[in-house]
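If you want the building blocks of each chain, they are given just below.
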Amino acid sequence: SLKDAFRKVLPLFEKQHPEINVRVIYGPSQTLRNQIEQGALMDVFLPSLLEEIEQLEKKGLIIQGTKRAYAGTARVLITSTTLPAPIASIQDLRTVPVRRIAVGDPKSSSVGKVTAQFLKYNKLDAQLKPQYVFGEHSRAVLDLVTKGEAEVGIVYRTDALSNVKIRILDTAPVGSHTPVRYGIAAAWTAKNMSGANEFIEFLLTPRIQTTLQEYGFDRVSPEVGVAQQQEVKP
């Protein structure tokens with residue numbers, strides 16, 4: 001979800017901090033969390049759900065005082081611009097036959113976990129499950145839709161906006177899933193704590209927050225945590 005935004009953001013950070021060479025490892029949030037649990041050397045962890053950081057925090061695997069939320073986004077129903085599905089909304093999924101629906105794998109990705117929660121809340125999971133085609137992460141779901149391997153998909157808005165081959169059909173209503181909050185924290189394996197802290201503060205600056213909004217991210221309170229997240233019940 002961060003690739004497009006970071007192409008613009010990271011050079012700005014490196015210009016401000018020429019002594020720091022940033023190396024980014026992209027991957028599904030749960031996969032990266034597992035790597036950190038196993039001792040992978042990472043200075044900062046930026047999952048698409050704060051919950052991933054909080055799981056590490058319970059195990060004492062992040063540096064206390066570094067957890068922040070720096071952006072948010074919505075969950076959207078998408079289709080291809082070249083072969084659009086004959087539906088216009090999430091509710092149409094109840095009545096209009098769709099051959100395949102691309103969703104994130106809840107076993108490996110945060111986008112999959114939230115999608116499963118959203119479909120269960122809307123009582124669509126049992127009906128649509130036979131049509132699921134799993135993608136490892138949000139970009140993989142996009143690929144399934146753009147290549148015609150699925151008529152529709154459910155992804156983060158931040159991913160859909162950057163793809164000209166994708167059209168957004170509908171947005172999941174507030175309250176249908178736990179709010180998506182992109183989090184950041186210094187990992188317990190951090191070797192450059194000064195650089196990690198600098199980067200965390202950098203993401204929260206007004207200039208970078210404005211840049212993230214240009215790429216479809218929403219502003220959120222940096223102090224959002226478990227106690228403030230809305231509980232969603234089916």
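Cut-offs applied
Residues numbered from 1 in each chain as written. Predicted model: local features only at pLDDT ≥ 70, side-chain atom pairs only at ≥ 80, totals over all residues. Heavy atoms only, no water. Pairing = 2+ DSSP bridges. Helix = DSSP H or I, 4+ residues; strand = E, 2+ residues; numbered from the N terminus. Contact = heavy atoms within 4.5 Å. Axes fitted to C-alpha atoms, helices over the stretch in contact; angles between N-to-C directions. Phe/Tyr/Trp six-rings, centres within 6.5 Å; stacked < 30°, edge-to-face > 60°. Parallel < 35°, antiparallel > 145°, perpendicular 65-115°, else oblique. Left-handed = near helix turned anticlockwise from the far one by under 90°. Nonpolar A, V, L, I, M, F, W, Y, C, P; charged D, E, K, R; others polar.

Right, let's talk about the sheet that holds strand β2 (residues 68-73) for a bit. If you trace the 3 strands from one edge of the open sheet to the other, you get β1-β8-β2, paired in antiparallel fashion. Each edge of the sheet is formed by a strand with only one pairing partner; in this case those strands are β1 (44-45) and β2. Looking at chain direction, β1 and strand β8 (residues 180-186) are connected through 2 bridges and run antiparallel. The residue of β8 that forms the bridge with V44 is A186. Strands in contact with helix α3 (residues 50-58) are β1, β2 and β8; relative to β8, the strand with the most contacts, it is inclined by about 40 degrees.

Our next topic: the sheet that holds strand β6 (residues 152-156). Two pairing modes exist for strands in a sheet, parallel and antiparallel, and in both the strands are linked by backbone hydrogen bonds. If you walk across this open sheet you meet the 5 strands as β5-β4-β6-β3-β7, and the pairing is mixed. The strands lining the two open edges of the sheet, one partner per strand, are β5 (132-135) and β7 (166-171). Averaged over neighbouring strand pairs, the angle between their axes works out to 35 degrees when direction is ignored. Here strand β3 (residues 75-80) runs beside β6; their pairing, made up of 5 bridges, is antiparallel. Each residue of the ladder has a partner; that of L77, found in β6, is I154. Packing against the sheet, helix α4 (residues 110-121) makes contact with β3, β4 (101-104), β5 and β6, and its axis sits at approximately 115 degrees to β6.

Here the focus is the packing of aromatic side chains. In the structure shown here, the tally under the stated rule is 8 aromatic pairs. Judged by centre distance (6.2 Å) and plane angle (50 degrees), the ring pair of Y70 and Y182 falls under tilted. Separated by 112 residues along the polypeptide, Y70 in strand β2 and Y182 in strand β8 bring together distant segments of the chain. Following the ring pairs from residue to residue traces out a cluster consisting of F6, F13, F199 and F202.

Time to look at the packing of helix α1 (residues 3-16) against helix α9 (residues 206-214). At a closest axis distance of 9 Å, the pairing of α1 and α9 adopts a crossing angle of 165 degrees. Judged by the inter-axis angle, α1 sits roughly antiparallel to α9. Like other packed secondary-structure pairs, α1 and α9 cross with a definite hand, here right-handed. Packed against α1, whose contacting residues are A5, K8, V9 and L12, the element α9 presents R207, I208, T211, L212 and E214 at the interface. Considered class by class, the residues forming the contact of α1 with α9 number 5 nonpolar, 1 polar and 3 charged.

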